[in-house]
Amino acid sequence: MNAAKDDRAKLSQIKLMAYYQSVIADLDSSIYFGEEGIRIATKLNLKKDLVDLYGTLGSVYADKAKQPKALEYFLKALHLAEELGDKKSVADNYVRMGALFDEQSDLDKAIKNYYTALSIYKKLQDNERISMVTGNIGNVYVAKKQFGKAMELYQEAIKMDEELHNNINLQYSLGYIGMASGELAKTVPAKRDSFLSVSVAYYKRALDLAERMHTSQLVINWVGNLGIVYTEMKDYKAAEKA
């Protein structure tokens, strides 16, 4: 019994190390700890830990651009989570597969997986993840050049983010509408000026929030994007100030 207890304690530390190494992008170390964790969890028949470890390794292989291996681990995590009735983990792995297909430009599969996850999160009333996935789907529609649909989804995400006071996600959603509006300006010449004005308005909102939250990288992103839009509008003074 003591040996099993020791193995459980060791497994807990190994899971943390596998995840931490993935966060700092030491991917080979993450794989090492992940595989060791899988060995122990399999020995102890700890299926929830296996779900977590499979998901971590899937993400690591995705970061290494080894998509088939990543998908293999995501499916392992998904099927085991379904067996356990762990709906949140099921949804999480559909999100991971959606992102994987998105990266491969298999956009229809990305949307299918994201919408499956979204349906589960809605049943769980997990509003933060509903907002996140809604934004993800919007990004896929941008890639499909369906900017109107993307903007509808971003607006839904914004409404939820504001209700949740989720200012991190809100910054992205505001900026994404700025981006989608800028793209619409290129595809609908008759409404070009109108869409560019919308783009400026949303980029400014995103920038204001980023400055208040001191998220410096997003400040840089939104300032740069504002400069591009002002240049499109031939407002060169504003572009210089941005």
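Look up: the structure comes first, before these words.
Rules used in this analysis
- Residues numbered from 1 in each chain as written.
- Predicted model: local features only at pLDDT ≥ 70, side-chain atom pairs only at ≥ 80, totals over all residues.
- Heavy atoms only, no water.
- Helix = DSSP H or I, 4+ residues; strand = E, 2+ residues; numbered from the N terminus.
- Buried < 20%, exposed > 50% of the residue type's maximum accessible area, 1.4 Å probe, protein only.
- Contact = heavy atoms within 4.5 Å.
- Patch = residues over 30% accessible without salt bridge, like charges linked within 9 Å, V, L, I, M, F, W, Y side chains within 5 Å.
- Areas by Shrake-Rupley, 256 points an atom, 1.4 Å probe, with all protein chains shown as cover.
- Salt bridge = Lys/Arg side-chain N within 4 Å of Asp/Glu carboxyl O.

Caption draft 1: Local environment of the environment of aspartate 161. Tracing the backbone shows aspartate 161 in helix α8 (residues 147-164). Judged by its relative accessible area of 0%, aspartate 161 is buried. Sequence separation between aspartate 161 and methionine 132 is 29 residues, and the spatial gap between their C-alpha atoms is 8.9 Å. Apart from residues no more than four positions distant in its own chain, aspartate 161 is found in contact with Ser131, Asn166, Asn169, Leu170 and Ser173.

Caption draft 2: Looking closely at a nonpolar patch on the surface. Together, Met17, Tyr19, Tyr20, Val23 and Ile24 give the surface a local cluster of nonpolar side chains, amounting to about 500 Å² of exposed area. Assignment of secondary structure puts tyrosine 19 in helix α1 (residues 2-23).

Caption draft 3: Looking closely at unusual backbone geometry. Located in the positive-phi region is histidine 214, a residue other than glycine, with phi close to 60 degrees. Mapped onto the secondary structure, histidine 214 falls in the loop between α10 (192-213) and α11 (216-232). Given a relative accessible area of 69%, histidine 214 falls into the exposed group. Its identity is not glycine, yet lysine 234 carries a phi of approximately 60 degrees, on the positive side.

Caption draft 4: Here's a closer look at the pattern of salt bridges. Applying the stated criterion across every chain yields a total of 20 salt bridges. Glutamate 36 is the partner of lysine 10 in a salt bridge, and the nearest nitrogen-oxygen pair spans 3.9 Å. Taken as a pair, lysine 10 in helix α1 and glutamate 36 in helix α2 (residues 27-44) lie far apart in primary sequence, 26 residues in all. In this structure, aspartate 208 and arginine 212 form a salt bridge, with 3.1 Å as the shortest nitrogen-oxygen distance. Of this pair, aspartate 208 and arginine 212 are both found in helix α10, four residues apart, which corresponds to roughly one turn of the helix. Given a relative accessible area of 36%, aspartate 208 falls into the partly exposed group. The class for arginine 212 is exposed, based on a relative accessible area of 55%. Through salt bridges with shared partners, one network takes in Lys15, Lys48, Asp49, Asp52 and Asp86.

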